[in-house]
Amino acid sequence: LINQFRKYNNKYKLNLSERSYYNHTRDFFALNLILKKKIKVLDYGSNFLACSNLDNKIDCKNIDYFLFNPFLKKIIINKKFGKLKVKCFKNLKTIKKQKFDIINFGSSLQYMENFDQIIKSLRFKAKSTILISATPITFKKTYKAKQTNAKGLNQKVYSFYDIAKILKKKKFKNIFKSCMDFKLSGLKKKNKTYFMNLVFRN
């Protein structure tokens, strides 16, 4: 899919149209990237798919894009997707001195055991944004559930109130929330849970 994006975007002036909810969450991501003229972004726990179809959607030349993926084989990988240059890291210690305008948790929060510790370890600029996209969120207590579309994989479904409490300590507040079809979450039972996009800003 990444190669398909690159091939199409190099040939045409409009980006390739996708057929799943991923295009909506990536557009949601892209719209937040154009809030400032120059921006430093950390895509946390993601992969190259999240950024490979940004070219032709927005002006990428002023985006300093960092991607953290703990499952990489190499410590550091550099990639280029059109005008967007991506620096991909296996270890967060490599970028511990960096302060970010945007930190994106793209369908990754549900696989993190200690979100509070992760937030403590990250550095933010005075005016920053946290995006949480394509993520199951409950309005009851945080709980764990089996993922139906991947054998042996579990999700930690965080309570919206727990997330808000953790981020409040860093002076972030929720400014946007939206729901998508729960069937896309990979969970069997709803349990007052929604498949959501969230934006927090300090």
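Before any of the text, the structure's been laid out above.
Residues numbered from 1 in each chain as written. Predicted model: local features only at pLDDT ≥ 70, side-chain atom pairs only at ≥ 80, totals over all residues. Heavy atoms only, no water.

### Remarks on the overall build of the protein
1) Next: Of the regular secondary structure elements, the protein holds four helices and 10 strands.
2) Next: Taken over C-alpha atoms, the radius of gyration comes to 17 Å for the protein, in line with the 17 Å a tight globule of 202 residues would show.
3) Next: Seen through its principal axes, the protein has C-alpha atoms that stretch 45 × 35 × 35 Å.
4) Next: Across the 202 residues of the protein, 47% fall into the buried class.
5) Next: Excluding contacts between residues fewer than 6 apart, the proportion of contacts in the protein whose partners are at least 24 apart in sequence is 64%.
6) Next: Averaged over its 47 positive side-chain charges, the protein has a centre that lies 3 Å from the centre of its 11 negative ones. (Helix = DSSP H or I, 4+ residues; strand = E, 2+ residues; numbered from the N terminus. Rg over C-alpha atoms; globule rule 2.2 N^0.38 Å. Buried < 20%, exposed > 50% of the residue type's maximum accessible area, 1.4 Å probe, protein only. Contact = heavy atoms within 4.5 Å. Lys, Arg positive; Asp, Glu negative; His and termini not counted. Charge placed at Lys NZ, Arg CZ, Asp CG, Glu CD.)

### Focus: the environment of Ile-63
1) Next: Its place among the elements puts Ile-63 in strand β2 (residues 63-68).
2) Next: When the C-alpha positions of Ile-63 and Leu-109 are compared, they lie 23 Å apart, and in sequence the two are 46 residues distant.
3) Next: With residues up to four places along the chain from it excluded, the contact list for Ile-63 reads Leu-33, Ile-39, Val-41, Ile-58 and Leu-84.

### Regarding the layout of surface pockets
1) Next: Considered as a void within the structure, the second largest pocket measures approximately 230 Å³ in volume.
2) Next: Taken together, Tyr-44, Gly-45, Ser-46, Asn-47, Phe-68, Asn-69, Pro-70, Phe-71, Ser-108, Tyr-111, Met-112 and Ile-118 make up the full set of residues lining the second largest pocket.
3) Next: Tallied by class, residues from the lining of the second largest pocket come to seven nonpolar, five polar and no charged. (1 Å grid on protein atoms, 1.4 Å probe; cavity = no way out; pocket = protein on both sides within 12 Å on 5 of 7 lines; lining within 4 Å. Points joined across faces, edges and corners; volume = space filled by probe spheres on them. Nonpolar A, V, L, I, M, F, W, Y, C, P; charged D, E, K, R; others polar.)

### Notes on the packing of aromatic side chains
1) Next: All told, the structure shown has 16 aromatic pairs when counted by the stated rule.
2) Next: On the numbers, 4.5 Å between centres and 40° between planes, the contact of Tyr-8 with Tyr-12 is tilted.
3) Next: An aromatic cluster is built from Tyr-44, Phe-68, Phe-105, Phe-115 and Tyr-158, whose rings are joined through pairwise contacts. (Phe/Tyr/Trp six-rings, centres within 6.5 Å; stacked < 30°, edge-to-face > 60°.)

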